[in-house]
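Breakdown of the fold
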Amino acid sequence: MEKLLIVPKMLGKLNLAIMKVVRWLLVVTMIVLVVVVFYAVLSRMVLNASIAWAEELTRILFIWLVFMGAVLALHTRGHLGLTIIIDRISPKKQLFLDIIGWILIILVTYAMINGGTRIVEVVKSSRTPALGLPGHLKYLAVLVAGYLMILTSAEHLLMSVGKFVNSLRGKNEEVEN
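Starting afresh in each chain, residues are numbered from 1 along the sequence in its written order. Predicted model: local features are reported for residues with pLDDT of at least 70 only, side-chain atom pairs are reported and counted for 80 or more only, and whole-chain, interface and lining totals are derived from all residues. Heavy atoms from the whole structure form the basis of all side-chain values; hydrogens and water molecules are not counted.

We now examine the packing of helix H3 (residues 91-123) against helix H4 (residues 140-169). Running from N to C, H3 and H4 point in directions that differ by 160 degrees, and their axes come no closer than 8 Å. By the criterion of interaxial angle, the relationship of H3 to H4 is roughly antiparallel. Crossing of H3 over H4 shows left-handed handedness. All residues other than Ala, Val, Leu, Ile, Met, Phe, Trp, Tyr, Cys, Pro, Asp, Glu, Lys and Arg, Gly among them, are scored as polar; the first ten of these are nonpolar and the last four charged. Residue classes in the contact of H3 with H4 are distributed as 22 nonpolar, 8 polar and 3 charged. In this analysis an axis means a line fitted to C-alpha atoms, helices contributing only their contacting stretch, and an angle means the value between N-to-C directions, from 0 to 180 degrees. To qualify as a helix, a DSSP run of H or I must reach at least 4 residues; to qualify as a strand, a run of E must reach at least 2; elements of each kind are numbered from the N terminus. Roughly parallel means an angle under 35 degrees; roughly antiparallel means over 145; roughly perpendicular covers 65 to 115; every other angle is labelled oblique. Should the near helix be turned counterclockwise from the far one by less than a right angle, the crossing is left-handed, whereas a clockwise turn marks it as right-handed.

So this is what it looks like as structure tokens:
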């Protein structure tokens with residue numbers, strides 16, 4: 001294996017382990033979310049009693065579900081994308097644009113982390129009204145997702161750079177993502 005691809009391969013193994021945990025957390029979060037919403041609806045319809053903590057918990061769980069789902073989608077390249085132009089250019093140009101894309105994703109994610117850090121700092125001393133949980137709990141999803149997105153983007157970026165360098169050297173060996 002090319003020395004240039006050793007680091008992205010190691011990073012890939014780390015990301016695979018992390019994504020197994022993320023998948024598991026997504027499943028557990030979704031199950032808890034469904035159970036809590038079902039209980040809240042049943043309580044409201046049958047008992048005529050609204051449960052204050054259920055809305056708060058579902059909001060927090062949904063935020064974490066969305067951000068962790070975004071991490072998983074980025075890792076698997078599952079985000080919606082338009083490839084009509086990319087499909088019409090040469091493989092070398094595709095790799096070059098792939099590198100540009102991953103750099104832009106890292107920059108935007110860095111900005112997301114900075115904004116999330118500021119929000120967490122502002123609300124860190126607050127508590128949620130119904131459950132009394134730390135107020136910054138829902139905003140931590142932005143930070144956790146941001147760091148995981150940078151980790152997976154770094155893997156994809158380094159892999160693309162390795163493929164691009166190999167293509168410039170005339171090596172056309174396929175490297176799996």
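What follows is about the pattern of salt bridges. Where charged atoms of side chains with opposite charge meet at close range, the side chains can pair. We define a salt bridge as a contact between a side-chain nitrogen of Lys or Arg and a carboxyl oxygen of Asp or Glu at a distance within 4 Å. Taken as a whole and judged by the stated rule, the model has 3 salt bridges. For aspartate 98, the salt bridge is made with arginine 77, and the minimal N-O distance between the two is 3.4 Å. Linking aspartate 98 in helix H3 with arginine 77 in the loop between helix H2 (52-75) and H3, this pair joins segments that are 21 residues apart in sequence. Exposed residues in this analysis have more than 50% of their type's maximum accessible area, buried residues have under 20%, and partly exposed residues fall in between, with area computed by a 1.4 Å probe over protein chains only. Residue class for aspartate 98 comes out partly exposed when judged on its relative accessible area of 22%. Exposure remark for arginine 77: the relative accessible area of 37% places this residue in the partly exposed category.

Between the first and last residue of a helix there are one fewer steps than residues, each counted as 1.5 Å, and that sum is the expected span. For H2, with 24 residues, the first-to-last C-alpha span of 36 Å sits near the 34 Å given by 1.5 Å per residue. Two residues form a contact once any of their heavy atoms are found within 4.5 Å. Against the buried residues of H2 lie helix H1 (6-46), H3 and H4. Among the residues trailing H2, arginine 77 stands out with phi positive, at a value near 60 degrees.

A few words now on the packing of aromatic side chains. Paired rings are identified among Phe, Tyr and Trp, the last through its six-membered ring, by centres lying within 6.5 Å, and are further divided according to the angle between planes into stacked (under 30 degrees), edge-to-face (over 60) and tilted (the rest). Tallied over the entire structure, the rule returns 2 aromatic pairs. Taking 6.3 Å as the distance between ring centres and 25 degrees as the angle between the ring planes, the aromatic pair formed by tyrosine 39 and tryptophan 53 counts as stacked. In this pair, tyrosine 39 is assigned in helix H1 and tryptophan 53 in helix H2, connecting sequence segments 14 residues apart. Its relative accessible area of 44% is what places tyrosine 39 among the partly exposed residues. Residue class for tryptophan 53 comes out partly exposed when judged on its relative accessible area of 33%. With centroids separated by 6.1 Å and ring planes inclined at 45 degrees, the aromatic side chains of phenylalanine 96 and phenylalanine 164 adopt a geometry described as tilted. In this pair, phenylalanine 96 sits in helix H3 while phenylalanine 164 sits in helix H4, placing the two residues 68 residues apart along the sequence. Residue classification places phenylalanine 96 among the partly exposed positions, given a relative accessible area of 42%.

The next point concerns the nonpolar core. Counting 18 residues, the largest nonpolar core has Met19, Val22, Leu26, Met68, Val71, Leu72 and Leu148 as its most contacted members. Elements that contribute at least two residues to this core include exactly H1, H2, H3 and H4. With 6 residues, the single largest contributor to this core is H2. Contacts of methionine 19, omitting those with residues within four sequence positions, involve Val71, Leu72 and His75. Here, nonpolar core refers to any group of buried Ala, Val, Leu, Ile, Met, Phe, Trp, Tyr and Cys residues whose side-chain atoms link them within 4.5 Å.

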